[in-house]
Amino acid sequence: MESRKITVEIDQNGQKTERDIEILKNETYESLLKKLNINEETVLVFNNKKPVPYDDVIESGKIQILKVVFDQ
């Protein structure tokens, strides 16, 4: 199956890290989160600064994962 590389920026508590990830052609944001061992209930995912549903196929663009912190 055809694959490609994308760069993912992860923002956690203001600390940004970037990772290059190999994904399949029709991979979804949900499967990307699983690959990164990130609980989908704790993050928001953006592509080109627009929020995306987890079940959408990953489009080219700048992928950002923002970890959301809730005060208890």
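The structure we're discussing is the one just above.
Presented here is an overview of the structure given in this document. Since the model is a prediction, treat every value here as computed from it, not as a measurement. (Residues numbered from 1 in each chain as written. Predicted model: local features only at pLDDT ≥ 70, side-chain atom pairs only at ≥ 80, totals over all residues. Heavy atoms only, no water.)

**Section: the side chain of Asp-11**
Turning to step 1, where the next piece is worked out: For Asp-11, the location among the structural elements is in strand S1 (residues 3-12).
Turning to step 2, where the next piece is worked out: Within the buried core, Asp-11 has no salt-bridge partner, and the shortest N-O distance to an opposite charge, that of Lys-16, equals 4.3 Å.
Turning to step 3, where the next piece is worked out: Here the side chain of Asp-11 touches Gly-14 through a polar contact of 3.2 Å, landing on its backbone nitrogen. (Helix = DSSP H or I, 4+ residues; strand = E, 2+ residues; numbered from the N terminus. Buried < 20%, exposed > 50% of the residue type's maximum accessible area, 1.4 Å probe, protein only. Lys, Arg positive; Asp, Glu negative; His and termini not counted. Salt bridge = Lys/Arg side-chain N within 4 Å of Asp/Glu carboxyl O. Polar contact = N/O pair within 3.5 Å; in protein donor to acceptor, adjacent residues only side chain to side chain.)

**Some details on the sheet that holds S1**
Turning to step 1, where the next piece is worked out: The strand order across the open sheet built from five strands is S2-S1-S5-S3-S4, with neighbouring strands paired in mixed fashion. Since the sheet does not close on itself, it has two edges, and those belong to strand S2 (15-24) and strand S4 (50-51), each with one partner.
Turning to step 2, where the next piece is worked out: Looking at chain direction, strand S3 (residues 43-47) and S4 are connected through two bridges and run antiparallel. Opposite Phe-46, over in S4, you have Pro-51 as the bridge partner. (Pairing = 2+ DSSP bridges.)

**Re the pairing of strand S5 (residues 63-67)**
Turning to step 1, where the next piece is worked out: Pairing analysis gives four bridges linking S1 to S5, with the strands arranged parallel. Bridging from a neighbouring strand, Val-8 pairs with Ile-63 of S5.
Turning to step 2, where the next piece is worked out: Sheet topology note: the S3/S5 ladder contains five bridges and is antiparallel. Opposite Phe-46, over in S5, you have Gln-64 as the bridge partner.

In short, the description is geometric, and any link to function would need to be established separately.
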